[in-house]
Amino acid sequence: GTGIEGGGTYAALIERLPYLKRMGFNALELMPCHEFNELEYYSPNPVTGEMRYNFWGYSTVSYFAPKQLYAQAAGEDCGRAAGRELKTMVRECHRNGIEVIMDVVFNHTAEGNEKGLTLSFRGLDNRAYYMVADNGEFYNYSGCGNTLNCNHPVVRQMIVDSLRYWVTEYHIDGFRFDLASIMTRASAEWDTQHMYGQPNTGGVVIGESLADPPVIAMISNDPILGSVKLIAEAWDAGGLYQVGSFPHYGKWAEWNGRFRDDARNFIRGFDGYAGLFAECLCGSPSLYKQGGRKPEHSINFITAHDGFTLRDLVSYNDKHNNANGENNNDGEENNQSWNCGLGPHEDGENATPIAKVLRDRQMRNFFTALFVSQGVPMVYMGDEYGHTKGGNNNTYCHDNDLNYVDWAVAKDPVKNQGLSRFCRLMRQFRAKQPALRMSEFPTENNIKWHGHHPHQPSWDEDNRFVAFTVKSYEAGAEDSPMLYIAFNAHHLPAKVVLPNPPDGCQWRMVSDTALQPPYDFLDADDIPAQSKAAAEAMLKPSLAANIYTVMDRASVVIRAEPLPYVAPPPPSLEEAAAAAAAAAAAAAATLAPAAP
């Protein structure tokens, strides 16, 4: 990142841990830190004049060595200093309550296709390490020229050895497996004799998806790896899509691509997504419950390094990748984005003031959806302050400000229009609410769906309003509050009748993305007491009447809280005299002698 000497190194990250801890992030998923070929695309950029680098790192050279250039001590002590620096970073993350998850690329290497480089595996055994056709051509399920032959006995043992090395030597807490579906494909020279030591029964072709992939089984049942976090990117570039069906052995979580797509489409106001969005809010039980998994196996996200940042998701209809030097032909075409304007002519800074205001609201809507959904929320770094890449959705080759964190903006809520504050407070709110972090999928016993009136949800094709109340009854959470949450993706406001709060409770506003900061998140301690009291006083009459207007393209979170205790008024003089007389009479009756 910018603004720090030696930025972009293991050591420099340690200096950013206070920021990450204050934001409430409890795990870091590092993009590839294995040694990779950063010069893979090294050439002058015809558009910018800068040199093109492999900035993201998805081009592994060695699965057992940390990336040297990510260390301030790069090259020292024959490379061993880089390893010590990475270990120090992991240790300091743990001291701050932050886990470290590595992004690992066991789907292809830096050696390219059959005409590519010979760096390591090709020289050892080309047909063992890669999926190779009889004519010598490489299978390309990765989209990067080659495909690692993951289920070959030698290769799968190397994968397991590598993972165990990073856990035992560096104390890594888990792994995200890039294009993990490739690891479920049958290897080249597949036969059951090689795989299981049994005679070949035939019927399996190279690249076919296996229900019981040997490498996935080995990882899942390994005594060391079975206890760390295992996260699959459950698709590949060959068309295999396994979100919800990845062979999981009860242990693997998944990047929930369905959550990303359905949340984007509902919040940008597309018809037909109300029911799918409700499914997302529940942690996608249709994907994960049947296989015996839990909400924790759904890694929910709106954006990642691939594709638009959150700011660009609400600022661009089309990708603008000219700066990559590929004539805008690279990158995803279908981004499910909306610039909040009337057409592509309002992309980026060309938008009207109305569209720019709506963009800030939409980003808050996405954060609300992410943090109130069951499952594990994942935030792409930079989104918390609204980082933009100018509409470039494939910044793989840029070692510049497109990919750098702007720490000056990130650490100043004024500069980022309060977005980082909203993200931080919503994350804190989630952490305190058992209803948003249930260990089991919600059922009709703890979640109720509503429409503009209580208990009258609409799942019609053209409905763009989703609301629900949720409460946890799990052990230890019985006294946690009920929450009312609503999303209005329509272009018109919705006057809503709220359900009655629980007995002895009243509704209190937590957040409303239609309000200006800091009132967008009202249930916070950083608003001056007088200003907060005035804002709550304005909302109290409607909440007391169980009525609230959810503005167009806005979301609200409301919680039930116990009514304040009101002491009874002191008795009047007449009431006090009467009570005293009654007490005296009772005392006299008690002292009177019994009749003979």
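Think of each chain on its own: its residues are numbered from 1, step by step along the sequence as written. Selection of residues for local features in this predicted model requires a pLDDT of at least 70, selection of side-chain atom pairs for listing and counting requires 80 or more, and totals for whole chains, interfaces and linings are taken over all residues. To get the side-chain values, all heavy atoms of the structure are used, and hydrogens and water are removed first.

A short note on the packing of aromatic side chains
And step 1. Stacked, tilted and edge-to-face are the three classes applied to pairs of Phe, Tyr and Trp rings, where Trp contributes its six-membered ring and a pair requires centres within 6.5 Å; stacked means planes under 30 degrees apart, edge-to-face means over 60, and tilted covers the rest. All told, the structure shown has 30 aromatic pairs when counted by the stated rule.
And step 2. A ring pair is formed by phenylalanine 422 and phenylalanine 521, whose centres lie 6.1 Å apart and whose planes are at 80°; its orientation type is edge-to-face. One end of the pair, phenylalanine 422, is in helix 14 (residues 419-432); the other, phenylalanine 521, is in the loop between strand 14 (505-512) and helix 15 (529-544), with 99 residues separating them in the sequence. Both residues of the pair, phenylalanine 422 and phenylalanine 521, count as buried. Helix and strand assignments follow DSSP, with helices taken as H or I runs no shorter than four residues and strands as E runs no shorter than two, numbered in order from the N terminus. For the exposure calls, accessible area comes from a 1.4 Å probe over protein chains only, and a residue counts as buried if that area is under 20% of its type's maximum, exposed if over 50%, partly exposed in between.

Description of the pattern of salt bridges
And step 1. Think of a salt bridge as a Lys or Arg side-chain nitrogen and an Asp or Glu carboxyl oxygen that are within 4 Å of each other. Applying the stated criterion across every chain, the model contains 30 salt bridges.
And step 2. The closest approach of N and O atoms between glutamate 99 and lysine 229, which form a salt bridge, is 3.0 Å. With glutamate 99 in strand 4 (residues 99-104) and lysine 229 in strand 6 (residues 229-232), this residue pair connects regions lying 130 residues apart in the sequence.
And step 3. By relative accessible area, which is 38% here, lysine 229 ends up partly exposed.
And step 4. A salt bridge links glutamate 440 to lysine 294; the nearest nitrogen and oxygen atoms lie 2.9 Å apart. With glutamate 440 in the loop between helix 14 and strand 10 (447-450) and lysine 294 in the loop between helix 10 (285-288) and strand 8 (298-301), the pair connects residues that are 146 residues apart, well separated along the chain.
And step 5. Residue classification places glutamate 440 among the partly exposed positions, given a relative accessible area of 39%.
And step 6. A relative accessible area of 29% places lysine 294 in the partly exposed class.
And step 7. Through salt bridges with shared partners, a single ionic network connects Arg508, Asp523, Glu536, Arg559 and Glu561.

As for unusual backbone geometry
If a residue is not glycine, its phi is most likely negative; likewise, a peptide bond is most likely trans.
And step 1. Between proline 517 and proline 518 the backbone carries a cis peptide bond, its omega angle lying at 5°.
And step 2. Residue position: proline 518 is located in the loop between strand 14 and helix 15.
And step 3. Even without a glycine there, the phi angle at serine 284 is positive, about 60°.
And step 4. With respect to the element layout, serine 284 can be found in the loop between helix 9 (274-281) and helix 10.
And step 5. Looking at serine 284, the relative accessible area reads 2%, which means it is buried.
And step 6. Notably, asparagine 328 is not glycine yet its phi reads approximately 65°, a positive angle.

Function cannot be inferred from these measures alone, as they are strictly geometric.
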